[in-house]
Amino acid sequence: MAYAGAFLTVFVPGPHLLEPRGFPCAIVLLGAVAAVGVWRGWARPLPRTSQVMLIAFAALIVASAARADDIDGALSFLARFLLAILAGLVLAHHSLDGALILGAISRALVEVAAHVVQGPAATAWGSKLGDAGSYHLFLAGTALPIAVIAAARPAVQGWLGAAAGAVLLGLTRSRAALFSLGIGLVTLALYRLRRGQTGPARPSRALLAAAGIASVAVAVLIAVLTWGDAIRTAEPRLAYARVALAATARHPWGGLGWDGFAEEARESGIDPPALDPHNLFLDIAAGAGIPALLSFCGLVWSLRTRTPSFAAVCAAMCYSMFVSIYLDWPVFWLLLFSGGTKDG
């Protein structure tokens, strides 16, 4: 049950798997996993400081969503957000690296088939297995932390998982994801400096560091070769950041409400408009206030460990400087709470 739940998180970023008439069936599926986990006592206990930070952050997000103009949308987000946290607590009790890697390999096969059979323009079909909308951002966000996890695994499965993650990131053509992958691999290499973390069956520190530096170099090279496109995409993001910072300065304690940024962006005359500032940290600060941002950062910091799991979280946090995702993704909370999982 837990293995199936972890596999499902690879295909369910939001979670949105199947939505007949707008109803996300994945909420029911992940809810069942979480319910069974609670019933069986699977939930992983967190340190006291982490518990306080988690409760404070969740309460502040709930309070900000309660002030949203679109109450239906806010309730949908809260359902996904709270379920993702619960699923993370439940699934982190198990050793699920293998399920995540198997899910990434399967997802890569689905995406490659969509490219080959129907062409690049039809890959939205593949994205329906994850989330509609900005397909490449969600696909990169799914593949990124799992690729870091896979790079730490021994033997064939780890290399296949890392290759699948690289394929998925290549399909997204995301410079930010490649850069973040490099950060994650370098972090993993630094963690390997800890005594007992090296061995003949695992990738060496030098190899991981070289792969990380190569990822960063490739991202920089792509940015240089596509300078015009990089500038074109950077300009609206800078505008979104200015709006988010201004909103945070006006409402530092409680934020605008969880959906308040979209209205701020419209009133500022930004073209194209955006639903979020394309930066998770600015999104939290603008929507829920500085205390919510501090509690989120404190939670992540309190769960830092010298493990592949937290190296994957570091990669996700780096990617979060460019996108506003992960809060309602079970895979993020699974990696954060697990504190590193063993082979499984």
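So, how was this worked out
Residues numbered from 1 in each chain as written. Predicted model: local features only at pLDDT ≥ 70, side-chain atom pairs only at ≥ 80, totals over all residues. Heavy atoms only, no water. Helix = DSSP H or I, 4+ residues; strand = E, 2+ residues; numbered from the N terminus. Buried < 20%, exposed > 50% of the residue type's maximum accessible area, 1.4 Å probe, protein only. Contact = heavy atoms within 4.5 Å. Areas by Shrake-Rupley, 256 points an atom, 1.4 Å probe, with all protein chains shown as cover. Polar contact = N/O pair within 3.5 Å; in protein donor to acceptor, adjacent residues only side chain to side chain. Expected span 1.5 Å × (residues − 1). Arc of directions from axis to C-beta. Phe/Tyr/Trp six-rings, centres within 6.5 Å; stacked < 30°, edge-to-face > 60°. Axes fitted to C-alpha atoms, helices over the stretch in contact; angles between N-to-C directions. Parallel < 35°, antiparallel > 145°, perpendicular 65-115°, else oblique. Left-handed = near helix turned anticlockwise from the far one by under 90°. Nonpolar A, V, L, I, M, F, W, Y, C, P; charged D, E, K, R; others polar.

S.K.: Which parts of the structure should I look at to understand the overall build of the chain?
M.R.: For the chain, the count of helices and strands is 16 helices and zero strands. Across the 344 residues of the chain, 52% fall into the buried class. Relative to all contacts within the chain whose residues are 6 or more apart in sequence, the contacts with residues 24 or more apart total 77%. With the model as given, the accessible surface of the chain reaches about 15,300 Å², and the carbon-plus-sulfur share is 68%.

S.K.: Is there a simple way to explain the environment of Glu 264 in this structure?
M.R.: Along the chain, Glu 264 falls in helix H12 (residues 260–267). For Glu 264, a relative accessible area of 16% gives the class buried. When the C-alpha atoms of Glu 264 and Ala 246 are compared, they prove to be 9.7 Å apart, with 18 residues separating the residues in sequence. Every residue in contact with Glu 264, bar those within four places of it in the chain, is listed here: Val 243, Ala 247, Arg 250 and Leu 256. Here the side chain of Glu 264 touches Arg 250 through a polar contact of 2.6 Å, side chain to side chain.

S.K.: Just to check I follow, could you spell out helix H3 (residues 48–66) for this structure?
M.R.: Structurally, the α-helix is built with 3.6 residues per turn, so residues lying three or four positions apart point the same way. If you check H3, its first and last C-alpha atoms are 27 Å apart, about what 19 residues at 1.5 Å a residue would give, namely 27 Å. Along H3, the residues that are buried comprise Ser 50, Leu 54, Phe 57, Ala 58, Ile 61, Ser 64 and Ala 65. All buried residues of H3 project into a common sector of 125 degrees when viewed along the axis, lining one side. For H3, exposure combined with an orientation more than 90 degrees from the buried face picks out Arg 48, Ile 55 and Ala 66. Against the buried residues of H3 lie helix H4 (71–91), helix H13 (280–288), helix H14 (290–302) and helix H16 (330–338).

S.K.: Before we go on, may I ask you to explain the packing of aromatic side chains in this structure?
M.R.: In this description, a pair of aromatic rings is defined by centroid distance and the angle of the planes. Scanning the model with the defined rule gives 12 aromatic pairs in all. Ring centres of Phe 281 and Phe 296 lie 6.3 Å apart, and the angle between their planes is 55 degrees; this geometry places the pair in the tilted category. Of this pair, Phe 281 sits in helix H13 while Phe 296 sits in helix H14, and the two are 15 residues apart along the sequence. Given a relative accessible area of 0%, Phe 296 falls into the buried group. Connected via pairs of aromatic rings, a cluster forms that spans Phe 57, Phe 77, Phe 81, Trp 258, Phe 281, Phe 296, Tyr 326, Trp 329, Phe 332, Trp 333 and Phe 337.

S.K.: Mind showing me how you'd approach H14 here?
M.R.: Counted at 1.5 Å a residue, the expected span for H14 with its 13 residues is 18 Å, and the 18 Å between its end C-alpha atoms agrees. For H14, the complete set of buried residues consists of Ala 292, Leu 293, Ser 295, Phe 296, Gly 298, Leu 299 and Val 300. Where H14 is buried, its residues touch H3, H13, helix H15 (308–319) and H16.

S.K.: What exactly am I supposed to notice about the packing of H15 against H16 here?
M.R.: Closest axis-to-axis distance for the H15/H16 pair is 8 Å, and the angle between their directions is 135 degrees. If you check the angle between H15 and H16, you find them oblique. Read as a crossing pair, H15 and H16 show a hand that is left-handed. Contacts between H15 and H16 involve Ser 309, Phe 310, Ala 312, Val 313, Ala 316 and Met 317 from the former and Phe 332, Leu 335, Leu 336 and Ser 338 from the latter. In terms of residue class, the contact of H15 with H16 is built from eight nonpolar, two polar and no charged.

S.K.: So what exactly am I meant to see when it comes to the environment of Leu 275 here?
M.R.: Counting through the fold element by element, Leu 275 comes out in the loop between H12 and H13. Residues Leu 275 and Ala 262 lie 13 residues apart in sequence; the distance between their C-alpha atoms is 4.5 Å. Setting aside residues up to four positions removed in sequence, Leu 275 forms contacts with Phe 261 and Ala 262.

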